[in-house]
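Breakdown of the fold
What follows is the residue order along each chain.
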Amino acid sequence: MVESDQFPENSTTIMDDDPEKRSITAPETDHEEHQVCDAGRTHGGQITRAKMLTTLIICFCNLINFMDRYCLPGILPMVIADLKLSNFQGGLLQSAFVVSYVVVAPIVGYLGDRYSRRAIMGCGLLVWSIVTMAGSFMTTFETLLIFRCLGGIGEASYSAIGPAVIGDLYIGDTRSKMLALFYFTTLIGGGLGFITGSGMAAATSSWNWGLRVTPILSMVSVLLIAFVMRDPPRGLSEGSRLVSTSWQKDIVYLLKNPSLMLSTVASIAVTFTVGAIAAWGPQYVFLGRQILNDNSLSFDDISLVFGIVTIASGLLGVVSGSIMGQKLRIRFPSADAIICGIGMICSAPFFYALLVLSLGSIYAIYVLAFLALWFINLNWALVGDILLYVIIPTRRATAAAFQILVCHIFGDASSPFIVGLISDALKPTVESDSETFRNFKSLEYGLFVILFVEVLGGFFFLACSWFLVSDRAKATRAVAVSIPDQSVLYDKSKASQVHVFVPANDPASSGHTVMIKRSSQIMDEVNLDTV
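Not measured: the values here are computed from a predicted model.

Quick notes on the rules
- Residues numbered from 1 in each chain as written.
- Predicted model: local features only at pLDDT ≥ 70, side-chain atom pairs only at ≥ 80, totals over all residues.
- Heavy atoms only, no water.
- Helix = DSSP H or I, 4+ residues; strand = E, 2+ residues; numbered from the N terminus.
- Buried < 20%, exposed > 50% of the residue type's maximum accessible area, 1.4 Å probe, protein only.
- Contact = heavy atoms within 4.5 Å.
- Areas by Shrake-Rupley, 256 points an atom, 1.4 Å probe, with all protein chains shown as cover.
- Expected span 1.5 Å × (residues − 1).
- Axes fitted to C-alpha atoms, helices over the stretch in contact; angles between N-to-C directions.
- Left-handed = near helix turned anticlockwise from the far one by under 90°.
- Nonpolar A, V, L, I, M, F, W, Y, C, P; charged D, E, K, R; others polar.
- Arc of directions from axis to C-beta.
- Core = buried A, V, L, I, M, F, W, Y, C linked by side-chain atoms within 4.5 Å.
- Polar contact = N/O pair within 3.5 Å; in protein donor to acceptor, adjacent residues only side chain to side chain.

Turning next to the overall build of the chain. Across its full length, the chain carries 21 helices and five strands. Within the span of the chain, comprising 531 residues, buried residues form 59% of the whole. Taking the contacts inside the chain whose residues are at least 6 apart along the sequence as the reference set, 83% of them involve residues at least 24 apart. Accessible area for the chain stands at about 20,500 Å²; split by element, carbon and sulfur atoms hold 67% of it.

Right, here's the structure in full:
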């Protein structure tokens, strides 16, 4: 296998950002047809140094973003005590990033399907580094909240673009493995956030320093994006010649995709649960230890172990889910969604046991947390994979931006303050002379809501499995029609027909040849949505 450090800039003859071009043009000669075929197949199958470096940079951006997101829960009791906040206000600080994310993410999704993704990522992360560092110097709730509201700029700059770039670099099981690596850094980042936030705060006796590690690392990522990262042509791995369409048509296409819609709703439940546990889990366990008069563990100690549990469960969960998906989808085409659904439903009993037995052995609590998180972490890479293979290449950034946006709004951005709000509302109903016990029980009542959300999300994943095969087949055929290669064979005697053959190991078609009608070798993009 020959290793190349350059992406073929001419692997597609259509410029995605040209608004005047609204068609998919077939190769003019058989020689050109085979050239493009070979480029797509070769570059989608091998792992080169350039592709690996680009993938690692994207993963690094994801890592530091989630480090920043979850360094606050590691210092939340210090912030609440210092600024004299309620649980609702504390949860609001954790959820505030969604304000800027809602504004920036749709714009980035649109631009990411049309313009330089490297420039978008670099500029966004540079702005995010500045505002995050500035926020660490704030000493009042109002000013800190303002800068936490701007924290969504960083994730919006790469979260939709990153997986789309990975999708353009790899195909098949290689893509699944790289997506597993990307989503694994989500869990690693969350765990390191607990550790670095609480660790820096303990070392400096100031919670402000707990917020200053990630801005420095973010500046490093900006330099890597500027000088090392490469931006491959869209659809490179599949040899696609699809072109971008209007934003309105993109949105209509996404809304009519059942697999995307159902997996998105189910993913809301995932992020809702993870967000609530990340924000309030260490605090809940710490309050339980105080009720038992167990002073052997400080909040920093619990945050450290919680971070380790998060990392360990994330590593095993993401890798296990990815491997199960790769193995099972060959025989069971809907396996990805089924694994996600079963994982969500199985996670709920362990979270319930954790809440009920929270005044028991601390080791039992950690084991239950690990098992609950392991089941829920099965789905991270699989959900990303589902999006990439049911959506055509030129709409993936928009689809990812849409999915992540609604997951944040209704998921991890909402759950911390919803749990805090329920906790504050039910606290007066807890009959006890102990303030600690009242805080503990009210927070427990608030956390019970995640159990219902998890089970509901599991059923949405199972419903997604009903449409997965057909939606994947539609996307596969659309890409195949856009460029004739070994998977698209022209019937010279029937100019109005194209034989599209998808390999037998692709669950989208089970190895069948499908006939797609078209009037000529130039097909308008409006008809593409009906393929």
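Having seen the model, we can carry on.
What follows concerns helix α19 (residues 435-447). Between the first and last C-alpha of α19 there are 18 Å, a value that for 13 residues agrees with the 18 Å anticipated at 1.5 Å per step. Taken residue by residue, α19 has Phe 440, Lys 441, Ser 442, Leu 443, Glu 444, Gly 446 and Leu 447 as its buried positions. For α19, the elements touching its buried residues are α12 (258-291), α14 (335-356), α18 (415-426) and α20 (449-464).

As a further point, take the packing of helix α13 (residues 299-328) against α14. When two helices pack together, their arrangement is captured by the angle between the axes and the distance separating the axes. One can describe the packing of α13 onto α14 by two numbers: an axis separation of 9 Å at closest approach and a directional angle of 145°. The handedness of the crossing between α13 and α14 is right-handed. Together, Met 324, Gly 325 and Leu 328 of α13 and Ala 335, Asp 336 and Ile 339 of α14 make up the contact between the two elements. Its residues assigned to classes, the contact of α13 with α14 comprises four nonpolar, one polar and one charged.

Right, let's get into unusual backbone geometry. Peptide bonds are mostly trans, and most non-glycine residues show a negative phi. The backbone of Lys 84 shows a phi angle near 55°, a positive value even though the residue is not glycine. Mapped onto the secondary structure, Lys 84 falls in the loop between α2 (49-83) and α3 (87-95). Note on Lys 84: relative accessible area 72%, which makes it exposed. In the Ramachandran plot, Ser 205 falls in the positive-phi region, its phi being about 60° despite a non-glycine side chain. Secondary-structure assignment places Ser 205 in the loop between α9 (172-204) and α10 (213-227).

Our next topic: α10. Across its 15 residues, α10 extends 22 Å between first and last C-alpha, which sits within 8% of the 21 Å expected from 1.5 Å per residue. Among the residues of α10, Thr 214, Pro 215, Ser 218, Ser 221, Val 222 and Ile 225 are the ones counted as buried. Burial along α10 is one-sided: seen end-on, the buried residues are contained in an arc of 105°. Counted as exposed and oriented over 90 degrees from the buried face of α10: Ile 216, Leu 223 and Phe 227. Buried residues in α10 make contact with α2 and α5 (117-135).

The next thing to look at is the nonpolar core. Within the largest apolar cluster, 120 residues are counted, with the highest numbers of intra-cluster contacts made by Val 79, Leu 93, Met 121, Leu 144, Ile 391 and Leu 447. For this core, the element with the highest residue contribution is α12, accounting for 17 residues. Beyond its immediate sequence surroundings of up to four residues, Leu 447 is in contact with Ala 276, Trp 280, Tyr 284, Leu 355 and Val 419. Counting residues in hydrophobic clusters, the runner-up holds five residues, among them Tyr 101, Ala 105, Ile 404 and Leu 405.

Mapped onto the elements of the fold, Ser 442 is located in helix α19. Within polar-contact distance, the side chain of Ser 442 engages the side chain of Ser 423 at 3.1 Å.

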